[in-house]
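# Notes for the structure review
Each chain is listed here by its residues.
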Amino acid sequence: MPGCCSPDRGSDDQLDGERASSPDPASPDPDLPLDRVTVPAATFVLGDDSDWVVPGDGEDPPRPVAVSGFAIDRTLVTNADFATFVDATGHRTDAERFGWSFVFGGLLPDDHPDTRGVVGAEWWRQVHGATWNHPEGPASTLAGRWDHPVVHVSWHDAAAYAAWAGGRLPTEAEWERAARAGTTTAFPWGDELEPDGEHRANVFQGDFPLVDTAADGWAGTSPVGAFAPNALGLVDMIGNVWEWTADRFSVERFAGWSADEVPADPTGPAEGDRRVLKGGSYLCHASYCRRYRPSARMGSTPDSTAGNIGFRCVADER
C-alpha cells in the first residue's frame, strides 16, 4: 500500500539512482514574514484503533501523550515561499541533484515520453527533470500554482527551509495534536469523510488510479486554504500533500512505554532510515489508501521526493 500513497526513493527493487548528499543548512532570515498559529500545551491521545486504521502502519494502540505549546505554520509551504528561499540561499533540492523525481502518471500529458514505473504501483512514474519548479517535468511550470504547496521536496530540503525560516519540522506528536485540534474523531470535522456530501479536503475521487473526477474541485494539488480550516485555524492538515515531520518512522513507536506512562513531547525512535509523513494527499482513496486522517502515518527515506510530498514548519513557544 505505501506505493499508492507516495513512493520511496530508497525502497527495495524500485528505481536506481545515486544518493544525493544532504544540502548545507542556510542561515535563518530574521525578516521573513511568518503566518503561524499558537497551539497550546495539551495532553491528547496519539494514534487510533478504530476500523479506519491501516494494518501495519503503527497507528495503534492509541496512547495519551503530553505536548508542550508551540507555533505552527497556518498553511503548507507554498511554491512562492520556496522560491523566496531558493532565491535567498541558492538551495538546490535533492530532486535536482538526482535529476528526477516521482510524478503521478495521471498528471502527465498524453504525449509525454515513456517513463519507468514503480513495480506494483505503476501509476508512479520516474520523470527526469521533475523538480519543485517543474512539477510534471521540464515542460511544466508553476504558472497558476504559486499558491499551491511546494512538492518534490525531500526531508533534507524541508529541514533546510525550516531552519532558514527560523523554525524546524514538527514532531509527529506535535503535528497530530495540531491536526486534531482537540477532536477525537476520525477526521478533524467528524467521523465521515464527506459529511452531507461536502468535500472537506483534497483527496482522490473516482476510480483510483485511472480516473480522478475532481469532484472536490481539484485534480492534483489545490491552493493552500481551498478548504475550511480546523478548529485551530490550520488548513490542509488532511489531504492535498503529505507533510514531512522530524521523527524517524517505526511501527513499534510505543515500544517500552508502560501502560500508565504519559510521555512528554515524544520524538520517535533514535534510529531508523525513514522519516514520518502525515496527513495524506490528493491521491488518497478509500480503495487503496485511508491515510487521510490525523492518526495515519507513513515512512519514507529522507531523500525521497514526489509530486505529493510537501511540509510546514513549527517553532517552539516563547
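Please refer to the structure higher up on the page.
Everything in this summary refers to the structure shown in the same document.

In this model, Asp 60 is joined to Pro 61 through a cis peptide bond whose omega is 0 degrees. If you trace the backbone, Pro 61 turns up in the loop between β2 (42-46) and β3 (63-67). Between Phe 208 and the following residue, Pro 209, the backbone shows a cis peptide bond with an omega angle of 0 degrees. You can see Pro 209 is positioned in the loop between β8 (206-207) and β9 (211-212).

Before going further, it helps to examine the pairing of strand β11 (residues 275-278). Of the two faces of β11, the one holding Arg 275 and Leu 277 and the one holding Val 276 and Lys 278 are both buried throughout. Note: strand β10 (residues 242-248) against β11, three bridges, orientation antiparallel. By the bridge assignment, Trp 244 is partnered in β11 with Leu 277. When β11 meets strand β12 (residues 298-300), the two strands line up antiparallel, connected through three bridges. Paired with Leu 277 across the strands is Met 298, a residue of β12.

The next subject is the sheet that holds strand β5 (residues 100-104). Pairing is antiparallel in the open sheet, where three strands are placed in the order β5-β7-β6. Of all the strands in the sheet, the pair left with one neighbour each is β5 and β6 (116-118). Ignoring strand direction, the axes of neighbouring strands in this sheet form an average angle of 45 degrees. Bridging between β6 and strand β7 (residues 121-128) involves three bridges; their strand directions are antiparallel. The residue bridging Arg 116 from the neighbouring strand is Gln 126, located in β7.

This part is about the environment of Thr 184. Along the polypeptide, Thr 184 turns up in the loop between α5 (172-180) and β8. As a C-alpha pair, Thr 184 and Pro 135 span 49 residues in sequence and 35 Å in three-dimensional space.

With 48 residues, the main nonpolar core has Phe 82, Trp 124, Tyr 161, Trp 244 and Phe 311 as its most contacted residues. For this core, the secondary structure elements donating two or more residues are α2 (79-89), β5, β7, α4 (155-164) and β10. Of the residues forming this core, the biggest block, six residues, is contributed by α4. Filtering out sequence-adjacent residues up to four positions away, Phe 82 remains in contact with Val 77, His 91, Thr 93, Trp 132, Val 150, Val 153, Asp 157, Tyr 161 and Phe 311. Core analysis: the next-biggest nonpolar cluster, separate from the first, contains 16 residues, Val 39, Phe 44, Val 65 and Trp 175 among them.

Thresholds applied
Residues numbered from 1 in each chain as written. Predicted model: local features only at pLDDT ≥ 70, side-chain atom pairs only at ≥ 80, totals over all residues. Heavy atoms only, no water. Helix = DSSP H or I, 4+ residues; strand = E, 2+ residues; numbered from the N terminus. Buried < 20%, exposed > 50% of the residue type's maximum accessible area, 1.4 Å probe, protein only. Pairing = 2+ DSSP bridges. Axes fitted to C-alpha atoms, helices over the stretch in contact; angles between N-to-C directions. Core = buried A, V, L, I, M, F, W, Y, C linked by side-chain atoms within 4.5 Å. Contact = heavy atoms within 4.5 Å.

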